[in-house]
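Chain by chain, the residues run as shown.
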Amino acid sequence: MKTLVQSRLTIRRLLLPFLCFVSVTAAAQTFPSRPIKLVVTYPPGGSSDLMARIMGQKLSVFWGQPVVIESKPGAAGSIGMEFTARQPADGYTFVVGNLGPAAVNPLISKVPYSMDKDFIPVALTATGPNILVVPASSPFKTLADMLAAARANPGSLNFGTSGPGSMAHLGGELIMRQAGIKMTGVAYKGGGLAVNDLLAGHLHMMVSDALPVSQFIKTGKLRPLAITSAKRSPMTPDIPTFAEAGLPGLIAENWWGVFLPAGTPQAIVDSYHAALDKVMADPDLKERFAGLGVEAMATSQDEFRTFLAAETAKYTKLVSDNRIKGD
């Protein structure tokens, strides 16, 4: 009897990995079989939110299942990242993370998640430059005007941010460090909220992604002084780069990518790749993303990992050299 029991236990141990494999494979083959949550880490109406909604619409059609937007703004994107990290690793929740919460926040603040341990990077899905803007009523006609005023009255000028680690925050910090000036950062929950105060005259300037400010640049309510890309953007060819405007070396682009909770089966990760390869190449999506001031793409998982490593190294050095800290 003892030999028979031992034999059965041995068979079960041998079969368990196979049965798990069959179960995961079956789940991947039927994925998705119910609605999927797409977590957005910034408030409705901003670039991250609008890109997520466009992507979600296309994925809904591709998968034949609803993709439901779940807004979790706050703490410069960290709240949404933490929420996603705590969800079941079954593929039914993913997040569009960007430079701030996915690369910089962990370097300057104590965040309740680990990008290495809590997430699987799936694909880089968009990149875009940022624009330094001032209100139309501002006396600053050029970047040189702004820098001269900041040097004459240290700390008197302020700039809006989306919170610690956001590109708006880093942009302001970079300007201060490279120009040798002192300004005051004012944090908001999202870029759109900061733009509202900029328009109202409560802020002197802001380094913003294109979407929240492009319409106001076109209508003359905001004045662009410089763009953070290495070359002039074809979408905004009249805006000089920082180097052209007199501050060389300031190059910093924002980016967005898809992340899944750690532990998600690779077969489901592969399902995401198949979907993203298709929808991010859709001409309609590309055109709509371009209208937001960003370029749509879908890298491989390895390419995204390499990109993240390079970005982390870049901003680790920047944060360390310039002693940048979160609020």
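Scroll up a little and you will see the structure.
Nothing here was measured: the structure is a model prediction, and the numbers come from that model.

A.B. asks: What is the right way to read the sheet that holds strand S5 (residues 130–135) from this model?
C.D. replies: What links the strands of a sheet is backbone hydrogen bonding, and the strands pair in either a parallel or an antiparallel sense. Strand order across the open sheet formed by five strands is S7-S6-S8-S5-S9, with mixed pairing between neighbours. On the outer flanks of this sheet lie strand S7 (184–187) and strand S9 (222–227), each paired with one strand and no other. Across the sheet, the axes of successive neighbouring strands diverge by a mean angle of 30°, strand direction being ignored. Contacts from helix H9 (residues 210–218) reach S5, strand S8 (205–209) and S9 within the one sheet, and its direction differs from that of S8 by about 115°.

A.B. asks: Help me understand the packing of aromatic side chains in this model?
C.D. replies: Between two aromatic rings, the relevant description is the distance of the centres plus the angle of the planes. Evaluation of the coordinates by the stated rule reveals 10 aromatic pairs. Ring plane angle 85° and centroid distance 6.0 Å describe the contact between Tyr 113 and Phe 119, whose orientation is recorded as edge-to-face. The same class applies to Tyr 113 as to Phe 119, namely buried. With centroids separated by 6.2 Å and ring planes inclined at 85°, the aromatic side chains of Trp 255 and Phe 304 adopt a geometry described as edge-to-face. With Trp 255 in strand S10 (residues 254–261) and Phe 304 in helix H13 (residues 301–322), this pair connects stretches of sequence that are 49 residues apart. Among the residues examined, Trp 255 registers a relative accessible area of 1% and is labelled buried. Aromatic ring contacts, followed pair by pair, group Tyr 113, Phe 119, Trp 255, Phe 259, Phe 304 and Phe 307 into a single cluster. The lysine or arginine in question, Arg 34, covers the ring of Tyr 92, its NZ or CZ lying 3.7 Å from the ring centre. The ring of Phe 83 is capped by Lys 72, whose NZ or CZ atom sits 4.5 Å from the centre of that ring.

A.B. asks: Any chance you could explain the pairing of strand S1 (residues 36–40) here in plain terms?
C.D. replies: On a regular strand, one side chain projects to one face of the sheet and the next to the other, so that they alternate. The buried fraction of S1 is high, at four of five residues. With helix H2 (residues 47–63) bridging S1 and the parallel strand S2 (residues 67–71), this β-α-β connection has right-handed handedness. One ladder, built from four bridges, connects S1 with strand S3 (residues 93–98); its direction is parallel. Counterpart to Lys 37 in the pairing with S3 is Thr 93.

Calculation rules
- Sequence order sets the numbering: in each chain, residues are counted from 1 along the sequence as written.
- Side-chain atom pairs in this predicted model are given and counted only at pLDDT of 80 or more, local residue features only at pLDDT of at least 70, and totals for whole chains, interfaces and linings cover all residues.
- Side-chain numbers come from the whole structure's heavy atoms, not from hydrogens or water.
- A pair of strands counts as paired when DSSP detects no fewer than two bridges linking them.
- Only DSSP runs of H or I with at least four residues qualify as helices, and only runs of E with at least two residues qualify as strands; both kinds are numbered from the N terminus onward.
- Between N-to-C directions, angles span 0 to 180 degrees; the directions come from axes that are lines fitted to C-alpha atoms, helices contributing only their stretch in contact.
- Contact definition: two residues touch when any of their heavy atoms are within 4.5 Å.
- Ring geometry is summarised as follows: Phe, Tyr and Trp rings, the Trp one being its six-membered ring, pair when their centres sit within 6.5 Å, and such pairs are stacked at plane angles under 30 degrees, edge-to-face over 60 and tilted between the two.
- With a 1.4 Å probe rolled over the protein chains alone, any residue whose accessible area is under 20% of its type maximum counts as buried; one over 50% counts as exposed, and the rest are partly exposed.
- Should the NZ of a Lys or the CZ of an Arg lie within 6 Å of a ring centre and within 35 degrees of the ring normal, that charge is described as sitting over the ring.
- A right-handed crossover is one whose linking path, passing over the helix from the first strand to the second, runs clockwise when the strands point away from the viewer.

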